[in-house]
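Structure assessment
The primary structure of each chain is shown beneath.
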Amino acid sequence: MIDTHSHIYGEEFDADRDQVIARAKQTGVESIILANCDRESLARIIDSCEKYPDYCYPTVGLHPGSVDNNYKEELAYLKSRLSEVKAVAVGEIGLDLYWDKTYINEQIDAFEQQIEWSIEHNLPLIIHVRDAFAELHASLSKYKGRGLRGVIHSFSGTAEDAEKIFTYGNFFLGINGTITYKKSHLPAELKLIGADRLVIETDSPYLTPVPFRGKRNESAYVKYTAKKLSEIFETDIDKILKITTDNAKNLFLGMI
Ligand SMILES: [Zn+2]
């Protein structure tokens, strides 16, 4: 398994990061992709990647929740670090209108500038989208046919959204603990979408799957998401693990 989206570099893991990594390895997690948010988190990501080489991989990007009046300065800084830190993706970037719509224009500008980086550097995207699918389609459709690839992290849209997204480039959907929640509409949508374009992730420390919902999430729990997917698709868990791991290796690590 590959945890394609984690914030294990955060202070929530400062006391026991070694043990969390050990549990991930024991459970069969082969690699963890560290999703960046801003300038401060990048320093922590670099530390974790140095501590766990060939296991934790860095990404560089400005999270939509970190876009404010200073975003141009932040983008310039992050762009300058992209090659040097050997980022495996531009992320997490995107659009979030759930908490705050104040910076909608700045969010869209930051998102599209970072899509340009991904084209320039031939890197996949990790896209965060919350309450902003109309805006997402508007931005991504501008880049159709330009070789875009990436993950819609914590996908929360419909089968119709997914089908549209697949026309913009080589896109996958990041699935996490939210599919184990009773009220989730995702299992029904995923049945329509199919398993072929999925990758699994934790978004740890957030979005912890059942049976640990409410507690801190960690990479080892990605197995509960895989198990739930095998129930949704009424198939063997090994088949789900093979599809999602191959997709992640191919997209981020160029291993297939
Ligand atoms: Zn995240």
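Preceding block: the structure.
Source: prediction; values computed, not measured.

**Comments concerning the pattern of salt bridges**
- Enumeration according to the criterion identifies 14 salt bridges in this entry.
- In this structure, the salt-bridge partner of E120 is K79, at a minimum N-O distance of 3.5 Å. You can see E120 sitting in helix α4 (residues 104–121) and its partner K79 sitting in helix α3 (residues 71–81), a full 41 residues away along the chain.
- For E231, the salt bridge goes to K227, with nearest N and O atoms at 3.1 Å. Taken as a pair, E231 and K227 lie in helix α8 (residues 222–232) at a separation of four residues, close to a single helical turn.
- One network of salt bridges, in which partners are shared, links D16, R23, R216 and E218.

**As for the pairing of strand β1 (residues 2–6)**
- Of all five residues that make up β1, five are buried, and the element is covered over most of its length.
- Here three bridges tie β1 to strand β2 (residues 31–34), and the two strands are oriented parallel to one another. Paired with I2 across the two strands is S31, which belongs to β2.
- Between the parallel pair β1 and β2, the chain is carried across by helix α1 (residues 17–27), and the sense of this crossover is right-handed.

**Points about helix α6 (residues 159–166)**
- Listing the buried residues of α6 in full gives A159, D161, A162, I165 and F166. With its buried residues spanning 155° around the axis, α6 presents them on a single face.
- The secondary structure elements touched by the buried residues of α6 are α5 (133–141), β6 (149–153), β7 (170–175) and α7 (186–193).

**As for α3**
- Along α3, the residues that are buried comprise Y71, E74, L75, L78 and R81. Projection of α3 onto a plane perpendicular to its axis shows the buried side chains occupying an angular sector of 125°, all on one side. Relative to its buried face, α3 has exposed residues pointing more than 90 degrees away, namely K72 and E73.
- Residues of α3 that are buried sit in contact with α2 (39–51) and α4.

**Examining the side chain of N217**
- Structurally, the position occupied by N217 is in the loop between β8 (198–200) and α8.
- A polar side-chain atom of N217 sits 3.1 Å from the main-chain carbonyl oxygen of T202.
- There is a polar contact of 2.8 Å between the side chain of N217 and the backbone oxygen of Y206.
- When near neighbours in sequence (up to four residues on either side) are disregarded, N217 contacts F13, T202, S204, P205, Y206, L207, T208 and P209.

**Overview of the coordination of the zinc ion**
- Distances from the zinc ion to its protein donors, H5 (NE2), H7 (NE2), E92 (OE) and D203 (OD), fall within 2.1 to 2.5 Å.
- By relative accessible area, which is 2% here, E92 ends up buried.

**Description of the sheet that holds β7**
- Strand order in the open sheet formed by five strands is β4-β5-β6-β7-β8, and the pairing between neighbours is parallel. The open sheet has two edge strands with one neighbour each: β4 (90–96) and β8. Each adjacent strand pair in this sheet contributes to an overall mean axis angle of 30°, direction not counted.
- Running at roughly 90° to β8, helix α9 (residues 237–253) makes contact with β5 (125–130), β6, β7 and β8 of the sheet.

**A closer look at the sheet that holds β2**
- The strand order across the open sheet formed by three strands is β1-β2-β3, and the pairing between neighbours is parallel. Where the open sheet ends on each side, the last strands, each with one partner, are β1 and β3 (56–58). For this sheet the average axis-to-axis angle between neighbouring strands, irrespective of direction, equals 25°.
- In the sheet, β2 pairs with β3 via three bridges, with the strands oriented parallel. Residue pairing across strands places L34 opposite P58, the latter belonging to β3.
- Strands β1, β2 and β3 of the sheet are contacted by α9, whose axis makes an angle of about 60° with β1.

**Focus on the pairing of β4**
- For β4, a buried count of seven out of seven residues is recorded, marking the element as mostly surrounded by other parts of the structure.
- Note that β4 and β5 share five bridges and pair parallel. Within β5, the position partnered with V90 by the bridge is L125.
- Taken together, β4, α4 and β5 form a β-α-β motif whose crossover is right-handed.

Scoring rules and cut-offs
Residues numbered from 1 in each chain as written. Predicted model: local features only at pLDDT ≥ 70, side-chain atom pairs only at ≥ 80, totals over all residues. Heavy atoms only, no water. Salt bridge = Lys/Arg side-chain N within 4 Å of Asp/Glu carboxyl O. Helix = DSSP H or I, 4+ residues; strand = E, 2+ residues; numbered from the N terminus. Buried < 20%, exposed > 50% of the residue type's maximum accessible area, 1.4 Å probe, protein only. Pairing = 2+ DSSP bridges. Right-handed = clockwise from strand over helix to strand, strands pointing away. Arc of directions from axis to C-beta. Contact = heavy atoms within 4.5 Å. Polar contact = N/O pair within 3.5 Å; in protein donor to acceptor, adjacent residues only side chain to side chain. Donors = N, O, S within 2.8 Å, 3.2 Å for Na, K, Ca; no water. Axes fitted to C-alpha atoms, helices over the stretch in contact; angles between N-to-C directions.

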